[in-house]
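# Observations on the model geometry
Single-letter residue listing:
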Amino acid sequence: TGTQQFSAVGHYSDGSTAFFTSSATWSTSNAVVGSFDPLPFYNGLFTISGYGATNVTANVNGSIATTTFTISPVPVTGLAMATPSVSLPLGVPMQFRVTAAFSDGTAQDVSALATWSVSDPFVLSLSATPGVVQGIGVGVATVTASHST
């Protein structure tokens, strides 16, 4: 997630230019990648919501300019689980969390996006809520989370 400010600049035959960012009507061809803020104060401000490519269009009184804007995923370089080892009583649920480190130096909690598994389904059960397990039997089991972009 994040934002990208787009600008609309008109070029005239005499070589002069004018900015039309605030008066342009902005649109995107792929709402999965993001959307433009509808408030006039934020004209041209694109809020990123996913990966992919979209055509960004500025329309100023029928004069249209389009560009392609692409958001590529940043590769995951490692995962870290916040609770590496724990004793869990029978019937007690516990939320595990996993943080992804990315190649650009950032980190993010990806617990809701991760794929979760347990090594022994007779000892631990997975909840419908990502990262939540519950002790259902006596023994030792491993909780595993995986995530990639």
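Shown above is the structure to which this text applies.
The notes below deal with the structure included here.

Parameters and conventions
- Residues numbered from 1 in each chain as written.
- Predicted model: local features only at pLDDT ≥ 70, side-chain atom pairs only at ≥ 80, totals over all residues.
- Heavy atoms only, no water.
- Helix = DSSP H or I, 4+ residues; strand = E, 2+ residues; numbered from the N terminus.
- Rg over C-alpha atoms; globule rule 2.2 N^0.38 Å.
- Buried < 20%, exposed > 50% of the residue type's maximum accessible area, 1.4 Å probe, protein only.
- Contact = heavy atoms within 4.5 Å.
- Areas by Shrake-Rupley, 256 points an atom, 1.4 Å probe, with all protein chains shown as cover.
- Salt bridge = Lys/Arg side-chain N within 4 Å of Asp/Glu carboxyl O.
- 1 Å grid on protein atoms, 1.4 Å probe; cavity = no way out; pocket = protein on both sides within 12 Å on 5 of 7 lines; lining within 4 Å.
- Points joined across faces, edges and corners; volume = space filled by probe spheres on them.
- Nonpolar A, V, L, I, M, F, W, Y, C, P; charged D, E, K, R; others polar.
- Pairing = 2+ DSSP bridges.
- Axes fitted to C-alpha atoms, helices over the stretch in contact; angles between N-to-C directions.
- Core = buried A, V, L, I, M, F, W, Y, C linked by side-chain atoms within 4.5 Å.

Glancing now at the overall build of the chain. For the chain, the count of helices and strands is zero helices and 16 strands. On C-alpha atoms alone, the chain measures out to a radius of gyration of 24 Å, which is more than a quarter above the 15 Å that the 2.2 N^0.38 rule sets for 149 residues. Principal-axis analysis of the C-alpha atoms places the extent of the chain at approximately 80 × 25 × 20 Å. Every one of the 149 residues in the chain was classed for burial, and the buried ones make up 29%. The long-range share in the chain, meaning contacts at least 24 apart out of those at least 6 apart in sequence, stands at 41%. Counting every atom, the chain has about 9,200 Å² of accessible surface; 56% of that belongs to carbon and sulfur.

A few words on the pattern of salt bridges. Under the definition given, this model contains one salt bridge. Its salt-bridge partner being Arg97, residue Asp109 comes within 3.7 Å of it at the nearest N-O pair. Of this pair, Asp109 sits in strand β12 (residues 107–109) while Arg97 sits in the loop between β10 (93–95) and β11 (98–102), and the two are twelve residues apart along the sequence.

Let's shift gears to the layout of surface pockets. Size it by volume and the second largest pocket reaches roughly 350 Å³. Lining the second largest pocket are 22 residues; nearest its centre among them are Val86, Leu124, Ala141, Thr142 and Val143. Looking at the lining of the second largest pocket residue by residue, the classes come out as 15 nonpolar, seven polar and no charged.

What follows covers the sheet that holds β12. Taken together, the three strands give an open sheet; going across it, the order is β9-β11-β12, and neighbouring strands pair in antiparallel fashion. Each end of this open sheet is capped by a strand with a single partner; those strands are β9 (76–81) and β12. Between one strand and the next, the sheet's axes are offset by a mean angle of 25°, whatever the strand orientation. Both β9 and β11 contribute to a ladder of five bridges, which runs antiparallel. Bridging across to β11, Gly78 finds its partner in Ala101.

What follows covers the environment of Ser87. Within the element layout of this structure, Ser87 appears in the loop between β9 and β10. With a relative accessible area of 71%, Ser87 lands in the exposed category. Once the C-alpha coordinates of Ser87 and Ser148 are considered, the two residues, 61 residues apart in sequence, prove to be 28 Å apart.

So, about the sheet that holds strand β7 (residues 52–60). Judged by pairing direction, the sheet is antiparallel, and its three strands sit side by side in the order β4-β7-β8 without closing on themselves. Looking at which strands have only one partner, the edges of the open sheet turn out to be β4 (25–28) and β8 (63–71). Averaged over all pairs of adjacent strands, the angle between their axes in this sheet comes to 20°, without regard to strand direction.

Moving on to the nonpolar core. If you look at the biggest cluster of nonpolar residues, it comprises 14 residues, and the most contacted ones within it are Phe96, Val98, Trp116, Leu124, Val133 and Val143. At the level of secondary structure, the elements contributing two or more residues to this core comprise β11, β13 (115–118) and β16 (143–146). Not counting residues up to four positions away in its chain, the partners in contact with Phe96 are Met81, Thr83, Val86, Ser111, Trp116, Gly131, Val133 and Val143. Among the nonpolar cores identified, the runner-up in size contains 13 residues, and Phe6, Ala24, Trp26 and Val33 belong to it.

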